Amino acid sequence: MEKLKELLQEKYPTINFDTETALVSGGLLDSMQVVELIAEIEDEFDIEVTMEYIQPAHFESVETIWAMIEELQ
């Protein structure tokens, strides 16, 4: 999960990923940012984020993103 935190912190340095639990619903990440993030996650973790995972619930926090990555590995 540290690798994911580093990727997110580098891309979005103003967001506190240790405490934030509403990245999408809170408006911190918009749909275009999520699409960009998906591409980076796919490259970094050598996975394919399928359509069933492209839902706001999977991108609300570091924990939900990490759970998705683990399921897809």
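Structure's up top.
This is a predicted model, so every value here is computed, not measured.

Explain the environment of Ile 38 to me, please; I cannot follow it from the model alone.
Looking at where Ile 38 falls in the secondary structure, it is placed in helix H2 (residues 31-45). Contact partners of Ile 38, with chain neighbours within four places excluded, come to Val 49, Ile 54 and Phe 59.

Would you take a moment to explain the packing of aromatic side chains for this structure?
Pairs of aromatic rings are described using the distance from one ring centre to the other and the angle between the two planes. Under the criterion given, the structure shown has one aromatic pair. Ring geometry for Phe 45 against Trp 66: centres 5.7 Å apart, planes inclined by 70°, an arrangement best described as edge-to-face. Separated by 21 residues along the polypeptide, Phe 45 in helix H2 and Trp 66 in helix H3 (residues 62-72) bring together distant segments of the chain. Here Phe 45 falls in the buried class, since its relative accessible area comes to 9%. Residue classification places Trp 66 among the buried positions, given a relative accessible area of 16%. Sitting over the ring of Phe 45, Lys 3 keeps its end group 5.4 Å from the ring centre.

Conventions adopted
- Residues numbered from 1 in each chain as written.
- Predicted model: local features only at pLDDT ≥ 70, side-chain atom pairs only at ≥ 80, totals over all residues.
- Heavy atoms only, no water.
- Helix = DSSP H or I, 4+ residues; strand = E, 2+ residues; numbered from the N terminus.
- Contact = heavy atoms within 4.5 Å.
- Phe/Tyr/Trp six-rings, centres within 6.5 Å; stacked < 30°, edge-to-face > 60°.
- Buried < 20%, exposed > 50% of the residue type's maximum accessible area, 1.4 Å probe, protein only.
- Lys NZ or Arg CZ within 6 Å of the ring centre and 35° of its normal.

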